[in-house]
Amino acid sequence: MTWLSLVLLLFSGQSGFEIPAIETIDFYGLRTISEDRVRQALKIKEGEIPPETPIPAQLRLEAVPGIAKARLNFVCCEKGKTTLYVGIQENGTPGLEFRVAPTGAVRLPFDVPPAGEAFEKAFSMAMEAGDRAEDQSEGHSLMHFPEARAAQKKFITLAALHQGVLRDVLRNSSGAGQRALAAMVLGYAADKREVVADLIYGTRDPEDEVRNNSTRALWIIAKLAQRKPELGIQVPATTFIDLLNSIVWTDRNKSSYALLETTEKRDPAILAEIRERAMPSLVEMARWKAIGHAQPAIFLLGRIGGMSEGDIQAAIDRGDRQAVISAGLKVAAAAK
């Protein structure tokens with residue numbers, strides 16, 4: 001399963017929500033094709049209830065000359081509304097290459113899937129109650145909602161009991177759902193150093209959910225590493241840079257948060273690599289209407305632009321994100 005607090009699984013039949021209407025639509029990946037042309041083919045508008053499946057809209061977009069691939073992500077809930085993110089890969093634009101799906105027969109131990117189902121059920125309850133708060137201080141998520149928190153604490157026990165099998169499943173199982181749950185539970189390992197390499201491996205899985213869970217776990221581990229350097233946890237920032245260019249919204253969202261943690265010390269080499277490899281993507285993400293989703297990219301651009309953390313936050317507070325974007329673009333232009 002994915003982390004539903006950010007991505008509402010409208011199409012899995014597993015969410016008990018009444019789906020909120022679409023408040024905003026944002027696009028990314030457009031380089032030569034106009035937003036108006038994409039909107040004409042999309043045929044989904046603000047104020048509408050999301051469709052039961054995104055597939056027809058994606059097919060309409062992929063029929064537009066110049067579009068190689070399209071992905072829709074419906075994201076809930078910013079102020080009780082849904083945001084639709086439309087990812088476009090234009091012809092001639094390099095796409096990300098992920099590994100071929102593994103074909104191994106290894107499966108999760110018998111007690112792990114029920115724990116995942118219990119968390120999923122509790123998570124849906126938490127979302128219906130409007131309680132998305134979580135404690136990440138131990139390097140993994142523990143939600144405030146009691147039933148969800150209890151289910152997550154079970155993951156701590158399972159990670160200790162089955163770490164070897166979980167790692168094997170993440171790397172080798174033919175079941176995408178098995179790999180996704182393995183990534184989630186591995187994030188609860190007592191010694192985070194032991195699972196970083198496995199989770200990095202998961203960030204290049206061909207399935208969105210596996211990448212999402214792996215990257216989210218690494219993001220939270222990276223926060224712990226920044227707060228407690230004495231633990232010796234190393235989460236390389238370069239793991240996440242290419243994901244900023246993904247057509248899949250969850251890749252961009254989770255990798256931007258992970259990079260926010262791993263660039264806290266502003267290593268010039270890492271910031272230069274982000275600037276060289278992902279500047280157009282960062283700029284379009286910084287312009288997303290939902291400030292909570294745009295903020296990591298805004299901070300990354302501010303760091304690239306040499307702004308202080310306080311100045312970046314002040315610009316956000318006064319509604320002047322363009323000042324931060326311009327600072328980042330100015331440094332990028334000077335570096336060419």
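The rules behind each value
Sequence order as written defines the numbering, with residues in each chain counted from 1. With pLDDT at 70 or above as the cut-off, local features in this predicted model cover only qualifying residues; side-chain atom pairs require 80 or more to be listed or tallied, and sums for whole chains, interfaces and linings still use all residues. The side-chain figures draw on all heavy atoms in the structure; neither hydrogens nor water molecules are used. Elements are defined by DSSP. Helices are runs of H or I of four residues or more, strands are runs of E of two residues or more, and each kind is numbered from the N terminus. The span one expects for a helix is its residue count, reduced by one, times 1.5 Å. Exposure categories follow from relative accessible area, calculated using a 1.4 Å probe and restricted to protein chains: below 20% of the type maximum is buried, above 50% is exposed, and the middle band is partly exposed. The arc in question is the one traced by the directions running from the helix axis out to the C-beta atoms. Identification of polar contacts relies on pairs of N or O atoms within 3.5 Å, with a donor-acceptor requirement for protein atoms, meaning one able to donate a hydrogen and the other able to accept it, and with residues adjacent in sequence counted only if both atoms are side-chain atoms. In predicted models, pLDDT denotes the confidence assigned by the predictor to each residue on a 0 to 100 scale. Here a residue-residue contact requires only that any non-hydrogen atoms of the pair lie within 4.5 Å. Aromatic pairs are defined between Phe, Tyr and Trp rings, using the six-membered ring for Trp, whenever the two ring centres lie within 6.5 Å; interplanar angles under 30 degrees are classed as stacked, those over 60 as edge-to-face, and all others as tilted. For a lysine, the NZ atom is tested; for an arginine, the CZ atom; a charge sits over a ring if that atom is within 6 Å of the ring centre and within 35 degrees of the ring normal.

### Observations regarding helix 13 (residues 321-335)
No. 1: The first and last C-alpha atoms of helix 13 sit 22 Å apart over 15 residues, in line with the 21 Å expected at 1.5 Å per residue.
No. 2: Buried within helix 13 we find Val324, Ile325, Ala327, Gly328 and Ala332. On an axial view of helix 13, the arc spanned by its buried residues comes to 155 degrees, and they lie on one face. Exposed positions of helix 13 whose direction lies more than 90 degrees from the buried face are Lys330, Ala333 and Ala334.

### Considerations on unusual backbone geometry
No. 1: Backbone geometry places lysine 43, a non-glycine residue, at a positive phi of 60 degrees.
No. 2: One non-glycine residue, arginine 266, adopts positive backbone phi at about 60 degrees.
No. 3: With respect to the helices and strands, the residue arginine 266 is situated in the loop between helix 9 (249-262) and helix 10 (268-286).

### Observations concerning the side chain of asparagine 73
No. 1: Structurally, the position occupied by asparagine 73 is in strand 2 (residues 67-78).
No. 2: Judged by relative accessible area, which is 9%, asparagine 73 ranks as buried.
No. 3: At a separation of 3.2 Å, a polar atom in the side chain of asparagine 73 contacts the main-chain amide nitrogen of tryptophan 249.

### Structural notes on the confidence of the model for the chain
No. 1: Confidence in the prediction of the chain, expressed as mean pLDDT, is 92, and 94% of residues score 70 or more.
No. 2: Ranking the elements of the chain by mean pLDDT puts strand 2 last with 88 and helix 4 (residues 146-172) first with 98.
No. 3: Low pLDDT, under 50, characterises residues 1-16; the predicted model gives this stretch 58 contacts beyond four residues in sequence or across chains.

### Quick word on the packing of aromatic side chains
No. 1: Taken as a whole and assessed by the stated rule, the structure comprises eight aromatic pairs.
No. 2: Three or more aromatic residues joined by ring pairs make a cluster, and in this case those are Tyr28, Tyr85, Trp249 and Trp288.
No. 3: A cation over a ring is seen here: arginine 99 above tyrosine 201, with NZ or CZ 3.5 Å from the ring centre.
No. 4: Cation over ring: arginine 211 sits above phenylalanine 98, and NZ or CZ is 4.0 Å from the ring centre.

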